[in-house]
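Residue-level structure breakdown
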Amino acid sequence: MGESGKEQEMSFWDHLDELRGTIFRSLLAVCLLAVLGFVFKRPLFAAVLAPASEDFFLYRLLGWHFDLELINVEMSAQFFVHLQAAFSAALILACPYVIWELWRFIVPALYKQERKAVGTAFLMATGLFYAGAAVGYVLVLPACVQFFLNYSVSDLITNSITISSYMSMFTSTVLMVGVAFEFPTVIWLLSRLGVLTREQLYKGRRYAVVAVAFIAAIVTPADPLSMVIVAAPLYLLYEIAILLCSKSPEKPEADASAA
């Protein structure tokens, strides 16, 4: 009996055990990478704090100048910031392995055509996540730092930025922009599974603009520059997804072994 036959014989508890194993291995990978991040503190924070330095290449390229000195006002803040940085880096680095574990879990339940589409979608998701994280780190985060550090409602108020505040912005910006870049993958996968067609996506451009603006507003702070930096590549990826989409829905075909 083929692999599909074995999957048909699996009970609910068997599937639950498989899911539990998938979650356990994924969490274990994240925890192991977080331990490495905790041990190698200096290289980790050299990368994390780079956008907070005036020497960051984007600031030099655009001629932006500011004076940022991160401070700490809580006894245990630096320790927990270290933990947050280690786990954030671990989530980013473990992304391909976690996606591979999810692929292993769901692939037996898919038809042959669905396996090909979902497998390609997982590869796209990995690449786009890293592309989004890079955009968040190189462009969006520095733009946010520049905007908020220079924003003032009164000359009587001096901005003193805590390390906890900076780390929260760093984590949310890099991870959320990475997740936002999964938008085209969802569009492409729905097309390959026959839910959307190229013609429908053409007609839905105006809604896509609204959706992209909404996503950009959620994953970035309120400054217009960072929203544009996120929204522009997202809409470009939407147009690329249209080109990759099928003109008509494709119906999945069952595996011969599943018959």
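Procedures and definitions
- Residues numbered from 1 in each chain as written.
- Predicted model: local features only at pLDDT ≥ 70, side-chain atom pairs only at ≥ 80, totals over all residues.
- Heavy atoms only, no water.
- Helix = DSSP H or I, 4+ residues; strand = E, 2+ residues; numbered from the N terminus.
- Buried < 20%, exposed > 50% of the residue type's maximum accessible area, 1.4 Å probe, protein only.
- Contact = heavy atoms within 4.5 Å.
- Core = buried A, V, L, I, M, F, W, Y, C linked by side-chain atoms within 4.5 Å.

**Structural notes on the overall build of the protein**
In terms of regular secondary structure, the protein is built from 11 helices and 0 strands. Each helix (α) and strand (β) of the protein, taken in turn from the N terminus, gives the series α-α-α-α-α-α-α-α-α-α-α. Of all 259 residues assigned to the protein, the portion counted as buried reaches 39%. Counting contacts in the protein only where the partners sit at least 6 residues apart, residues at least 24 apart contribute 81% of the total.

**Side note on the nonpolar core**
By size, the foremost hydrophobic cluster in this structure holds 31 residues, and its most contacted members are V48, V145, Y166 and F170. Of all the elements in the fold, those that place two or more residues in this core are helix 3 (41-48), helix 4 (57-62), helix 5 (77-106), helix 6 (112-150) and helix 7 (163-180). The element contributing the most residues to this core is helix 6, with 8 residues. Not counting residues up to four positions away in its chain, the partners in contact with F170 are V48, Y137 and L141. V135, I187, I215 and I229 belong to the second-largest nonpolar core, a separate cluster that totals 23 residues.

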